[in-house]
Amino acid sequence: TVNQFKSWFDKDTWDDLQLIDICGNYDEPCTNPDFLKIVEWIVTSNLFSKNLQVNIATNGGVRDTKFWKELGLLTSTHRNVKGGPRIRVVWGIDGLEDTNHLYRRHVVWKNVMANAKAFIDAGGIAHWEYIVFEHNEHQVEEEAAGGRGRDLSALDGLHGRPRLLHDGQGVP
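Residues numbered from 1 in each chain as written. Predicted model: local features only at pLDDT ≥ 70, side-chain atom pairs only at ≥ 80, totals over all residues. Heavy atoms only, no water.

Student: Provide a residue-level description of the pattern of salt bridges, including the pertinent values.
Tutor: Per the counting criterion, the structure on display carries four salt bridges. Taking the shortest distance from any N to any O, the salt bridge between Lys 11 and Asp 10 comes out at 4.0 Å. Taking the relative accessible area as the measure of exposure, Asp 10 reaches 47% and is therefore partly exposed. Of the charged contacts, one joins Arg 104 and Asp 94 as a salt bridge, the two residues approaching to 2.5 Å between their closest N and O atoms. Of this pair, Arg 104 sits in the loop between α4 (100-103) and α5 (109-121) while Asp 94 sits in the loop between β3 (87-92) and α4; the two residues are 10 residues apart in sequence, bridging distant segments of the chain. You'll find Arg 104 and Asp 94 in the same group, each marked buried. (Salt bridge = Lys/Arg side-chain N within 4 Å of Asp/Glu carboxyl O. Buried < 20%, exposed > 50% of the residue type's maximum accessible area, 1.4 Å probe, protein only. Helix = DSSP H or I, 4+ residues; strand = E, 2+ residues; numbered from the N terminus.)

Student: I'd like to hear about the packing of helix α2 (residues 35-44) against helix α3 (residues 65-77), residue by residue, with values.
Tutor: It is at 11 Å that the axes of α2 and α3 come closest, and there the two elements cross at 5°. In terms of orientation, α2 and α3 fall into the roughly parallel class. Contact residues: α2 offers Phe 35, Leu 36, Val 39 and Glu 40, while α3 offers Phe 67, Glu 70, Leu 71 and Leu 74. Looking at the contact of α2 with α3 residue by residue, the class counts come to six nonpolar, no polar and two charged. (Axes fitted to C-alpha atoms, helices over the stretch in contact; angles between N-to-C directions. Parallel < 35°, antiparallel > 145°, perpendicular 65-115°, else oblique. Contact = heavy atoms within 4.5 Å. Nonpolar A, V, L, I, M, F, W, Y, C, P; charged D, E, K, R; others polar.)

Student: Describe unusual backbone geometry, listing the residues and the values that go with them.
Tutor: A positive phi angle, close to 65°, is found at Arg 63, a residue other than glycine. Tracing the chain through its elements places Arg 63 in the loop between β2 (53-58) and α3. Relative accessible area serves as the criterion here: at 35%, Arg 63 is assigned to the partly exposed category. In this structure, His 106 takes a positive phi of about 65° despite not being glycine. Structurally, the position occupied by His 106 is in the loop between α4 and α5.

Student: For the pairing of β2, give the residues involved together with the corresponding values.
Tutor: Pairing analysis gives four bridges linking strand β1 (residues 19-22) to β2, with the strands arranged parallel. In the strand pairing of β2, Asp 21 is matched with Asn 55. Taking the sense of rotation as the criterion, the β-α-β connection linking β1, α2 and β2 turns out right-handed. As paired strands, β2 and β3 are joined by five bridges and run parallel to one another. Its bridge partner lying in β3, Thr 58 is registered against Trp 91. Where the polypeptide runs from β2 across α3 and back to β3, its parallel neighbour, the crossover connection is right-handed. (Pairing = 2+ DSSP bridges. Right-handed = clockwise from strand over helix to strand, strands pointing away.)

Student: Lay out the side chain of Asp 34 with the relevant residues and their values.
Tutor: Checked against the element boundaries, Asp 34 lands in the loop between β1 and α2. Lys 37 provides the closest opposite charge to the buried, unpaired Asp 34, separated from it by 4.1 Å. Among the polar contacts listed, one links the side chain of Asp 34 to the backbone nitrogen of Val 2, at a separation of 2.9 Å. Residues in contact with Asp 34, not counting those within four places in the same chain, are Thr 1 and Val 2. (Lys, Arg positive; Asp, Glu negative; His and termini not counted. Polar contact = N/O pair within 3.5 Å; in protein donor to acceptor, adjacent residues only side chain to side chain.)

Encoded structure:
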């Protein structure tokens, strides 16, 4: 809960903390029912520096478009002292409609696209991470091309090209 989360941090000061990384080891962090409240508390709390960045990793397939619109609004509203976003959302989209679900199990493509569009349309800045596997490597060029390919029109607002990872290993 948001109250439990607050209790972990309210015992100290965190002025020097620069990053809170919210990434599920086993599951999607956005499934937490208090997720938006937690993120909003982090970026509005006086316990943290106004330069603290919250990094969120998601597969984008959970929740509804209302949730993603609200997260997009939070992202566009809360800025650091230099004007940059304090909330960074990294979308793990690893293929197109016919391959994304092979690694992102139980993730429905149309939900990812609708959620990404709601997030971006609300002012959210989306970053894209793409893990390259044998089953999706033929789609890298199509997705990395300017138009994002046939299935990615919802992602026209994605920030830059996808960061490619090969079988989970970073590519320089």
